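So the chains spell out like this:
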Amino acid sequence: MSQYIISLDQGTSSCRAVLFNDKAQIVDITQREFTQYFPKPGWVEHDATEIWECQLGVLTELLAKNKLVGENIAAIGITNQRETTVL
């Protein structure tokens, strides 16, 4: 059974799931934009529930497109630019 690594990347304007093979080569990428809210000039805010649903959506889509199940996944990494905080 093939093993893969998934990176979940949370960007400022989109969510991405990247699938890597055992040679660290990119196999597939899914990406989805989410809503930006601008309450004041120079400010941007996001809906935490929408981010969660977006990340879950790209992961689910990536797994389905590549016909993968949990046993195929060796590891999952999460990336973010450290500006996102949910209390």
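Relevant structure appears above.
Structural notes, computed from the coordinates.

So, how was this worked out
Every chain is numbered independently, its residues counted from 1 as its sequence is written. Two thresholds apply to this predicted model, a pLDDT of at least 70 for residue-level local features and 80 or more for giving and counting side-chain atom pairs, whereas whole-chain, interface and lining totals are computed over all residues. Side-chain measures here rest on the full set of heavy atoms in the structure, leaving out hydrogens and waters. The way it works is that DSSP assigns letters per residue, a run of H or I at least four long becomes a helix, a run of E at least two long becomes a strand, and they are numbered from the N terminus. Only protein chains enter the accessibility calculation, which uses a 1.4 Å probe; a residue is then buried when its area is under 20% of its type maximum, exposed when over 50%, and partly exposed in between. Residues are treated as being in contact if the distance between any of their heavy atoms lies within 4.5 Å. Any carboxyl oxygen of Asp or Glu that lies within 4 Å of a side-chain nitrogen of Lys or Arg is treated as forming a salt bridge with it. In this analysis, strands are considered paired if DSSP registers two or more bridges between them.

Here's the deal with the environment of isoleucine 29
Here comes step 1: On the secondary structure map, isoleucine 29 appears in strand 3 (residues 26-33).
Here comes step 2: Since its relative accessible area comes to 40%, isoleucine 29 is described here as partly exposed.
Here comes step 3: When the C-alpha positions of isoleucine 29 and aspartate 9 are compared, they lie 10 Å apart, and in sequence the two are 20 residues distant.
Here comes step 4: When neighbours within four sequence positions are excluded, isoleucine 29 is seen to be in contact with Arg16, Ala17, Val18, Leu62 and Lys65.

Let's talk about unusual backbone geometry
Comment: phi is negative for the bulk of residues other than glycine, and the bulk of peptide bonds are trans.
Here comes step 1: One non-glycine residue, alanine 24, adopts positive backbone phi at about 65 degrees.
Here comes step 2: Note on placement: alanine 24 falls in the loop between strand 2 (14-20) and strand 3.
Here comes step 3: Unlike most non-glycine residues, lysine 67 shows phi in positive territory, near 55 degrees.
Here comes step 4: Relative accessible area serves as the criterion here: at 73%, lysine 67 is assigned to the exposed category.

Section: the pattern of salt bridges
Here comes step 1: Taken as a whole and assessed by the stated rule, the structure comprises four salt bridges.
Here comes step 2: A salt bridge links lysine 23 to aspartate 22, with the nearest nitrogen and oxygen atoms 3.9 Å apart.
Here comes step 3: Here glutamate 61 ties to arginine 32 by a salt bridge, and the two come within 3.2 Å at their closest N and O atoms. Taken as a pair, glutamate 61 in helix 1 (residues 48-65) and arginine 32 in strand 3 lie far apart in primary sequence, 29 residues in all.
Here comes step 4: On the accessibility criterion, arginine 32 (34% relative accessible area) is partly exposed.

So, the environment of glycine 57
Here comes step 1: Within the secondary structure layout, glycine 57 lies in helix 1.
Here comes step 2: You can call glycine 57 buried: its relative accessible area is 15%.
Here comes step 3: Residues glycine 57 and alanine 17 lie 40 residues apart in sequence; the distance between their C-alpha atoms is 9.3 Å.

A closer look at the pairing of strand 1 (residues 4-10)
Here comes step 1: Among the seven residues of strand 1, six are classified as buried, and the element is accordingly described as predominantly covered.
Here comes step 2: With seven bridges connecting them, strand 1 and strand 4 (residues 73-80) associate as parallel partners. Residue pairing across strands places tyrosine 4 opposite isoleucine 73, the latter belonging to strand 4.
Here comes step 3: Sheet analysis places strand 1 next to strand 2, joined by six bridges and oriented antiparallel. Across the sheet, isoleucine 5 pairs through a bridge with phenylalanine 20, a residue of strand 2.

All quantities given are derived from atomic positions and should not be read as evidence of function.
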